[in-house]
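Fold and geometry: a report
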Amino acid sequence: GFTSYYSCSTEKKGYSGTCVFVRDRTPKKKQKTLDNFFGGKKPKKQKTATSSATNSAFDEKLLVPTQVSYAIGFDQHDKEGRVVIVDFPTFSMCNVYVPNSGQGLARLNYRVKE
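No experiment lies behind these values; they were computed from the predicted model shown.

Reading the values: rules and limits
Residues numbered from 1 in each chain as written. Predicted model: local features only at pLDDT ≥ 70, side-chain atom pairs only at ≥ 80, totals over all residues. Heavy atoms only, no water. Pairing = 2+ DSSP bridges. Helix = DSSP H or I, 4+ residues; strand = E, 2+ residues; numbered from the N terminus. Axes fitted to C-alpha atoms, helices over the stretch in contact; angles between N-to-C directions. Patch = residues over 30% accessible without salt bridge, like charges linked within 9 Å, V, L, I, M, F, W, Y side chains within 5 Å. Areas by Shrake-Rupley, 256 points an atom, 1.4 Å probe, with all protein chains shown as cover. Salt bridge = Lys/Arg side-chain N within 4 Å of Asp/Glu carboxyl O.

1. With respect to the sheet that holds strand E4 (residues 83-87)
An order of E3-E4-E5 is seen for the three strands of this open sheet, with the pairing classed as antiparallel. Two strands lie at the open edges of the sheet, namely strand E3 (67-69) and strand E5 (92-96), each paired on one side alone. Each adjacent strand pair in this sheet contributes to an overall mean axis angle of 10 degrees, direction not counted. Examined bridge by bridge, E4 and E5 share five bridges and lie antiparallel to one another. Paired with Val83 across the two strands is Val96, which belongs to E5.

Okay, structure coming up:
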C-alpha cells in the first residue's frame, strides 16, 4: 500500500492542495513453494552466474520518510495548503503547487512578488 500526506487550504474552500504518496516499506514474507506446501522435498538450489550488482541489496530504509512538513514558514502562504515536504535519509522531496494569477490577473502581484 501507500501512505498519503495531504495539505489543503485552511482559509479558502475550493483551493487546490498538494499530496504525496509514499510506498509502504514492510518486511516481505518468504513465499513457500507448492512442494513445501504439500510436504514435498525442498527444491535444489541452482548455481547461476550473477554479478555483484544483483547480489547487493538496496537498503529500503532509505525510502522511509523521516519527517513530513506542510509549511515553509510564511503564515500567509502556509494557510493556502500548497506545500508538502517529505524528508528521507538521503534526500528531500518538495511538492509545491504554484497558483495561476487568476481571472483578470487578480493575483499576479501576490504570485510574482511574494
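2. What about a nonpolar patch on the surface?
A surface patch of nonpolar side chains, about 380 Å² in accessible area, is lined by Phe2, Tyr6 and Phe21. Tracing the backbone through its elements, the reader meets Phe2 in strand E1 (residues 2-7).

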